[in-house]
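Overview (structure and organization)
Spelled out, the chains give:
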Amino acid sequence: MVLRPSSTTPSYTSRYLPTFAGKRLLYSSAVTTSLGDAIFGFSQGIISSIQIQPSFFKRIFNLDVSVSQIQSGHTSVNPWVVSAVVSCLNLTALVSSLVAPCICDSLGRRGAIHVGGVFVVVAFVVQGAAPNIIALAVGRCIQGLAVGILSTTVPVYQCEIAPDKSRGLFVSIEYFCLSFGSVLSTWVAYGFYFTEGELSWCGPYIIQGILSLVLVNFTWYLPETPHWLIHHGRNEDALQTLTDLHANGYTDNQSVIKQYEFIRASIEPQAGQLTPWMNLFYEFPLRTMIEISSQLFAQFNGYSAISYILPVLLLQTGTTIPQTLILCRFSGLLYCSGTIIPLLFVDKRGRKSFLLVGRLALAAVLCVVGALQINIDYYGTGFWGKRAICFYFIVFGATWGPISWLLGAEMFPIVRRHLSFLSGPSLIAFQGSCAKGAGALHALTLV
């Protein structure tokens, strides 16, 4: 039995082929939307990599600097200016993540992801063609709007299309793509470093533009989530979408019908209503505080700050500039490999065990790194320091990185799930801005 779309507004059109229904549709939708998080990770790595390009300083600051000046940090560029430009993305991401639920409710999850992709395309054009620091900052601000929308909407989409018993896997796929995007940006920037002219720093933005165009194009063919369709009165479309995702299009599948009835009973009493996100503090104060604290503690683990000043840390352990560039990219690979662990075990071992093990391991690693930094003269080349940092990236990628995002998907009722993801992008944006400021302060102390 195949159900036809109803005439209820808002309009909805299914653009994917009916023969594509089943696991192919489910997993391709998950991977396609995760491209939005991959672009988020890619944007985090670009700006730190292009700052070692002489052509970048010539174009943006109108300064003729040599590689040796960049390595020594004597470029006549105020670190606070660079830090402010870098933080523009985080600050506008904070703003857009607060309005993203309204976009999700009005345009749908698919529409919100499409809007985020369009912002990334615009940001790519502005940053790649930026003639000065002001234009670059404007491009970063536009990209921050995209990051806030995508990082808030993609987890909601993943959770609402995922089978109940595999929700952890789907959110972990999203976080794996985010880390993969960050790794990809470092290696792309490293490859373009050896090209001549402005392509050495514009090249990564071209790759970002290609990824964003792929995202914008393929979001047209994504199915909308059954939750949003039911919320807007399109019950027949919701049932058909649910069966296309989980039952190869057969609407007489009893498990799918049972899931549809459960979602419908949870959402229909408040269908068509827009709920302010501040209501979470009144309706579910304990759950909201747990969600916020988990994201807050995940950020206090220091990943953003460590990744931002990692080249300086490695230089202090005795590595050369070429070795530092390779180690930064190798650490990204370790971070990405760590995210594979929850893909395999999070639905079998539970969430709490990952957080407890990660908390103890990260505390131990950070203590080792801090002790080695204090006694760097005694320990010489930092043999154990470099290995401790590598181990840190693996542990964070396997525990607090992805698991803190997963909690918001499972602690709140279906009808409030899209609001629960606000804390993640907001706290990441705020803490990321603080990390960039800390990095600028550290850079000033080295001059």
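Rules used throughout
- Residues numbered from 1 in each chain as written.
- Predicted model: local features only at pLDDT ≥ 70, side-chain atom pairs only at ≥ 80, totals over all residues.
- Heavy atoms only, no water.
- Helix = DSSP H or I, 4+ residues; strand = E, 2+ residues; numbered from the N terminus.
- Buried < 20%, exposed > 50% of the residue type's maximum accessible area, 1.4 Å probe, protein only.
- Contact = heavy atoms within 4.5 Å.
- Areas by Shrake-Rupley, 256 points an atom, 1.4 Å probe, with all protein chains shown as cover.
- Core = buried A, V, L, I, M, F, W, Y, C linked by side-chain atoms within 4.5 Å.
- pLDDT = per-residue confidence, 0-100.
- Phe/Tyr/Trp six-rings, centres within 6.5 Å; stacked < 30°, edge-to-face > 60°.
- Lys NZ or Arg CZ within 6 Å of the ring centre and 35° of its normal.

Quick notes on the overall build of the chain
- Looking only at helices and strands, the chain has 21 helices and 0 strands in total.
- Here the chain holds 447 residues, and 55% of them are scored as buried.
- Long-range pairs, those at least 24 residues apart, make up 81% of the contacts in the chain with a sequence separation of at least 6.
- As displayed, the chain offers around 19,100 Å² of accessible surface, 69% of which is attributable to carbon and sulfur atoms.

Some thoughts on the environment of Arg329
- Mapped onto the fold, Arg329 is located in helix α14 (residues 321–338).
- Under the relative-accessibility criterion, Arg329 is labelled buried at 4%.
- Residues Arg329 and Val183, spaced 146 residues apart in sequence, show a C-alpha to C-alpha distance of 6.7 Å.

Notes on the nonpolar core
- Counting 45 residues, the largest nonpolar core has Ile50, Phe56, Ile60, Phe61, Leu136, Trp201 and Tyr205 as its most contacted members.
- Contributing elements (two or more residues each) for this core: α1 (23–50), α2 (54–60), α4 (79–128), α5 (133–161), α6 (167–192) and α7 (199–218).
- No other element matches the 10 residues that α1 contributes to this core.
- Apart from the residues lying within four places of it in its own chain, the contact partners of Trp201 are Ile50, Gln53, Ser55, Phe56, Arg59, Ile60, Gln127, Gly128 and Ala130.
- The next biggest cluster of nonpolar side chains, apart from the first, holds 28 residues, and it includes Val171, Ala361, Tyr392 and Phe393.

Thoughts on the confidence of the model for the chain
- Considering every residue of the chain, the mean pLDDT works out to 76; 77% of them sit at 70 or more.
- Confidence scores differ between elements of the chain, with helix α21 (residues 423–446) showing the lowest mean pLDDT of 45 and helix α9 (residues 235–246) the highest of 88.
- Scored below 50 in pLDDT, residues 1–8 shows 18 contacts in the model against residues more than four places distant or in partner chains.
- Note that pLDDT drops below 50 for residues 429–447; the model gives that stretch 34 contacts with residues more than four away or on any other chain.

Quick look at the packing of aromatic side chains
- Under the counting rule described, the total for this entry stands at 6 aromatic pairs.
- On the basis of an interplanar angle of 65 degrees and a centroid distance of 6.4 Å, the ring pair of Tyr335 and Phe393 is categorised as edge-to-face. Highlighted residues: Tyr335 in helix α14 and Phe393 in helix α18 (residues 383–398), separated in sequence by 58 residues.
- When its relative accessible area of 3% is taken as the criterion, Phe393 is described as buried.
- A ring pair is formed by Tyr392 and Phe396, whose centres lie 6.2 Å apart and whose planes are at 10 degrees; its orientation type is stacked. Residue Tyr392 and its partner Phe396 are both found in helix α18; the two are separated by 4 residues, about one turn of the helix. Phe396 shares its class with Tyr392; the two are buried.
- Residue placement shows Arg359 over the ring face of Trp400; its charged tip is 5.5 Å from the ring centre.

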